[in-house]
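# Structural overview for review
Residues per chain are reported as follows:
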Amino acid sequence: MTVPGDKSISHRSIMFGSIALGTTVITNFLKGADCLSTIGCFQKMGVEITQKPDVIYVHGRGLRGLSAPSETLDVGNSGTTTRLLSGILAGQPFSAVMSGDESLNSRPMGRIMTPLNRMGAHITSICGNNCAPLRTDPSTLHGIRYHSPVASAQVKSAILLAGLYADGETCVTEPALSRNHTELMLAGFGADITSSLHEDGSATACISPCQELFGQDICVPGDISSAAYFIAAGILVPGSELLIRNVGTNPTRAGILKVCEAMGADITYLNTRNMAPAAGQTDNTSTAGGQAGCSHTSGQTLTGLPQNTGEPTADILVRHSSLHGVTIEGDLIPALIDEIPVIAVMAACAEGTTIIRDAAELKVKETNRIDTVTENLRAMGADITPTEDGMIIEGGRPLKGAQIRSHLDHRIAMAFAVAGLTAEGETVIDNSQCVDVSYPEFFQTIARI
Ligand code: S3P
């Protein structure tokens, strides 16, 4: 099987393509609701984006070519759209307003408003609660050195994008390295950007203002966050052997693979390679991974920080395995933050105790995922104790089918669909269409396998 294109990379390909010169050609783009929100926002700022069944063309307007939107920018359910777009809007000579759905409009935006306003931006929360709707007004931006209190790619990316429009270098240091797609892709688009990993695990990315970015051909790897549900299903359901082709394995995202291995799962990586975009890498003749138009380089390992060489990708073969509990903490957390709901399901099916800590960020995702995972795993009969920054799961009790409350959170709906595969009896998930945000075909695919 394959999974849809990576959500984080799909967002960024539209955003960076829109503010680049020339045409950006995107294959394997994720047509989930979140990424369609990003497309809608840039169309409202005058960017022509053509959607064909297999390819998207973004006709870039250049760094200073966006036009003032005549209405509110609808960011839907998408935190990535809101926070990254804030960084771009901070540098525009026009005012704009962003607003989303109820969940989005209750998520914390102070984390981007503080550093962006420190750069000189004028971003205000219209209701005065540090949440969207957000209004941006024109300003002059200065380069800053910012120490982010959270390891967040959305915060880092917002600041780096504003840095494109600043009067000097901008650096962001985060306590642990979060996903680095922005750094890799902006380098591919021609930005002057560097990144370094420090001995204590913290990481710094620096960007210099530039005249222009340049459109690229982008082949989006399969989303490891979507593959996670099938990796878990293949491991948990007796008799399974599942090959998931063309999955992005960037180490800043692949924490779930490390956890599965530590829990004792049988996983094999095949056909490991690097996919475009890469600086100067434009050979689009290969059809590796079944993706027409995708270039790649070969021989990459799954470890180490990729340095502007495109996105590491592999085919992942999983087999049914007996699992044991593990402790998940520290620098590993940012590399699997979105996968914790499905990891919790695996932990409930494992022998022994799993402890997840240093993951307070779970509280500010589409739902408070400490609460929503606890509520639903308990409904299925699991032994789980929520903590301030994670959860403790005593695995090994057989799960029983239950009524699952998704709270409109796509990752809760998908994680508990996997739990339902292993449970005795029927599982019913409410508002299951919320999976459209990141994986519209999820239920068709799970039915097929
Ligand atoms: C994302 C970063 C992460 C992740 C989200 C996508 C991105 O959020 O949870 O689903 O594309 O930059 P944070 O930056 O808030 O950790």
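This report concerns the structure included in the present document. Predicted model only: the values in this text are computed from it and were never measured. (Residues numbered from 1 in each chain as written. Predicted model: local features only at pLDDT ≥ 70, side-chain atom pairs only at ≥ 80, totals over all residues. Heavy atoms only, no water.)

## With respect to unusual backbone geometry
Residue proline 133 follows alanine 132 across a cis peptide bond; omega there is 0°. Positive phi values are uncommon outside glycine, yet histidine 407 reaches one of about 55°. Here histidine 407 shows up in the loop between β22 (403–404) and α11 (410–422). On the basis of relative accessibility, which here comes to 32%, the residue histidine 407 falls in the partly exposed class. (Helix = DSSP H or I, 4+ residues; strand = E, 2+ residues; numbered from the N terminus. Buried < 20%, exposed > 50% of the residue type's maximum accessible area, 1.4 Å probe, protein only.)

## Here we look at the sheet that holds strand β6 (residues 122–125)
In spatial order, the strands read β4-β5-β7-β6; together these four strands make up an open sheet with mixed pairing. Every interior strand has two partners, whereas the edge strands, β4 (73–76) and β6, have only one. If you compare each strand with its neighbour and ignore which way they point, the axes differ by 20° on average. With three bridges connecting them, β4 and strand β5 (residues 96–100) associate as parallel partners. Pairing of glycine 76 across the sheet is with glycine 100, part of β5. (Pairing = 2+ DSSP bridges. Axes fitted to C-alpha atoms, helices over the stretch in contact; angles between N-to-C directions.)

## Some points on the state of the cysteines
Throughout the structure, instances matching the rule amount to one disulfide. Here cysteine 171 is linked by a disulfide to cysteine 206, with a sulfur-sulfur distance of 2.1 Å. Handedness here is read from the sign of the S-S torsion; for cysteine 171 and cysteine 206, about 110°, the answer is right-handed. You can see cysteine 171 sitting in strand β9 (residues 170–174) and its partner cysteine 206 sitting in strand β11 (residues 203–208), a full 35 residues away along the chain. Relative accessible area serves as the criterion here: at 3%, cysteine 171 is assigned to the buried category. No disulfide involves cysteine 434; its sulfur sits 16 Å from that of cysteine 35, the nearest cysteine. (Disulfide = S-S within 2.5 Å.)

## Observations regarding empty space enclosed by the protein
The final tally for this structure, using the stated rule, is two cavities of 30 Å³ or more. Of the pockets and cavities examined, the second largest cavity occupies roughly 40 Å³. For the second largest cavity, the full set of lining residues is Asp6, Ile9, His181, Pro221, Gly222, Ile224, Gly248, Thr249, Asn250, Arg253 and Glu311. Here the lining of the second largest cavity is built from residues that sort into three nonpolar, five polar and three charged. (1 Å grid on protein atoms, 1.4 Å probe; cavity = no way out; pocket = protein on both sides within 12 Å on 5 of 7 lines; lining within 4 Å. Points joined across faces, edges and corners; volume = space filled by probe spheres on them. Nonpolar A, V, L, I, M, F, W, Y, C, P; charged D, E, K, R; others polar.)

## Let's talk about the packing of helix α3 (residues 79–90) against helix α4 (residues 110–118)
Where α3 contacts α4, the axes come no closer than 10 Å and their chain directions differ by 15°. Classified by the angle their axes make, α3 and α4 are roughly parallel. Viewed along their axes, α3 and α4 form a crossing whose handedness is right-handed. In this structure, α3 contributes Arg83, Ser86 and Gly87 to the contact, and α4 contributes Arg111, Ile112 and Leu116. In terms of residue class, the contact of α3 with α4 is made up of two nonpolar, two polar and two charged. (Parallel < 35°, antiparallel > 145°, perpendicular 65-115°, else oblique. Left-handed = near helix turned anticlockwise from the far one by under 90°. Contact = heavy atoms within 4.5 Å.)

## Here's the deal with the sheet that holds strand β10 (residues 192–197)
If you walk across this open sheet you meet the four strands as β8-β9-β11-β10, and the pairing is mixed. Strands with a single pairing partner mark the edges of an open sheet, and in this sheet they are β8 (145–147) and β10. Each strand of the sheet is rotated relative to its neighbour by a mean of 15°, with strand direction disregarded. For β9 and β11, the ladder comprises five bridges, and the chain directions are antiparallel. Each residue of the ladder has a partner; that of glutamate 174, found in β11, is alanine 203. Contacting β8, β9, β10 and β11, helix α5 (residues 153–163) crosses the sheet at an angle of about 170° to β9.

## Focus: the pattern of salt bridges
A full pass over the atoms with the stated rule returns 22 salt bridges. The shortest N-O distance in the salt bridge between aspartate 315 and arginine 273 comes to 3.7 Å. Of this pair, aspartate 315 sits in strand β17 (residues 311–319) while arginine 273 is found in strand β15 (residues 266–275), placing the two residues 42 residues apart along the sequence. The exposure class of aspartate 315 is buried, given its relative accessible area of 4%. Since its relative accessible area comes to 1%, arginine 273 is described here as buried. Among the charged side chains, a network of salt bridges with common partners joins Arg107, Arg179, Asp338, Glu366, Arg369 and Asp409. (Salt bridge = Lys/Arg side-chain N within 4 Å of Asp/Glu carboxyl O.)

## Points about helix α10 (residues 369–379)
Buried within α10 are the following residues: Arg369, Ile370, Thr372, Val373, Thr374, Asn376 and Leu377. One side-chain oxygen at the N-terminal end of α10 lies 3.0 Å from the backbone nitrogen of isoleucine 370; it belongs to asparagine 368. After α10 finishes, the residue glycine 381 shows a positive phi value of roughly 95°. (Polar contact = N/O pair within 3.5 Å; in protein donor to acceptor, adjacent residues only side chain to side chain.)

## Topic: the site of the ligand
Around the ligand sit Ser8, Arg12, Thr80, Arg83, Ser152, Ala153, Gln154, Arg179, Ile337, Asp338 and Lys365, and those are all the residues in its vicinity. Separating an oxygen atom of the ligand from a backbone N or O atom of alanine 153 is a distance of 3.0 Å. Residue glutamine 154 places a main-chain N or O atom 2.8 Å away from an oxygen atom belonging to the ligand. When the ligand sits alone it has 380 Å² of accessible area, and the protein chains cover 94% of it. The pocket occupied by the ligand, as judged from atoms lying within 2 Å of grid points, is the largest pocket. Every element with two or more residues in the shell around the ligand is listed here: α1 (7–18), α3 and α5. (Near = heavy atom within 4 Å. Areas by Shrake-Rupley, 256 points an atom, 1.4 Å probe, with all protein chains shown as cover. Sits in = over half its atoms within 2 Å of the grid points.)

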